[in-house]
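# Commentary on secondary and tertiary structure
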Amino acid sequence: MKTCPMCDGSLKREDRMTVYTYKNHTKEIVQSGEYCVVCGEGFLSSKDLKASQKEIADFKRGVDHLLTTDEVRAIRKKLKLTQEKASVLFGGGVRAFHKYETGENAQSRPLDILLKLMDIGKVSVDDLQRIG
Ligand SMILES: [Zn+2]
């Protein structure tokens, strides 16, 4: 059995409610990880962090009034663009949309506004290709 590097207590894998605070907003998120039964310290693997990444990203985007990971994906699909094509069209590197849709990175506010305008049909892919 694994032991805690802080106090030598034993570690137990469990899902814990964790409170995240962002710009004075708080949200409870279920965070899987190994937690010490003695001191309560949590040890999260990159896989554990990946699992909660999207939920945390969407919480922050809600506070910032940005599109959520799923909303970005839905708009991109509505525009009939692959992640690769969207990344070429809007810039930001080939993995840009993969990052916006998994919560690894947030889209910039100008891109967010542009995507919202495209979602309601104010700007088309053709418009972008013409002026881009
Ligand atoms: Zn401990």
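Every residue gets a number counted from 1 within its own chain, in the order that chain's sequence is written. The predicted nature of this model means local features are confined to residues of pLDDT at least 70 and side-chain atom pairs, given and counted, to a pLDDT of 80 or more, with totals for whole chains, interfaces and linings taken over all residues.

## Structural notes on the overall build of the protein
Helix numbers and strand numbers start at the N terminus; a helix is a DSSP run of H or I with at least 4 residues, a strand a run of E with at least 2. Within the protein, the secondary structure is distributed over 6 helices and 3 strands. What you see in the protein, going N to C, is helices and strands ordered as β-β-β-α-α-α-α-α-α. If you line up the protein on its principal axes, its C-alpha atoms span 65 × 30 × 20 Å. Among the 132 residues that make up the protein, the fraction classed as buried is 17%. If you take every contact in the protein between residues at least 6 apart in sequence, the share linking residues at least 24 apart comes to 52%. Any residue surrounded by 20 or more other C-beta atoms within 10 Å of its C-beta is treated as buried, while 12 or fewer makes it exposed and the intermediate range makes it partly exposed; C-beta atoms here are placed from the backbone. This entry defines residue contacts through backbone-placed C-beta atoms, with two residues in contact when those atoms are within 7 Å.

## Some points on unusual backbone geometry
Positive phi values are uncommon outside glycine, yet Lys23 reaches one of about 45°. Among the structural elements, Lys23 can be located in the loop between β1 (11–22) and β2 (25–36). Residue Lys80 is not a glycine yet carries a positive backbone phi of 55°. Relative to the helices and strands, Lys80 is located in the loop between α2 (69–78) and α3 (83–90). On the neighbour-count criterion, Lys80 (9 C-beta atoms within 10 Å) is exposed.

## Focus on the sheet that holds β1
Whether two strands pair depends on DSSP finding at least two bridges between them. One open sheet accounts for 3 strands, arranged β1-β2-β3; its pairing is antiparallel. Two strands lie at the open edges of the sheet, namely β1 and β3 (42–43), each paired on one side alone. Across 2 bridges, the pairing between β2 and β3 is antiparallel. When the sheet's bridge partners are listed, Glu34 is paired in β3 with Phe43. Interaxial angle, 0 to 180 degrees, is taken between N-to-C directions of lines fitted to C-alpha atoms, where a helix line uses only the stretch in contact. Contacting β1 and β2, helix α1 (residues 46–64) crosses the sheet at an angle of about 170° to β2.

## Thoughts on the pairing of β1
On any regular strand, side chains alternate: one points to one face of the sheet, the next to the other face. Counting buried positions along β1 yields 0 of 12 residues, so the element is predominantly exposed. Where β1 and β2 come together, 12 bridges link them in antiparallel fashion. Bridge pairing in β2 links Asp15 to Ser32. Remark: 2 residues form the turn of the hairpin made by β1 and β2, two consecutive strands paired antiparallel; Lys23 in that turn has positive phi of roughly 45°.

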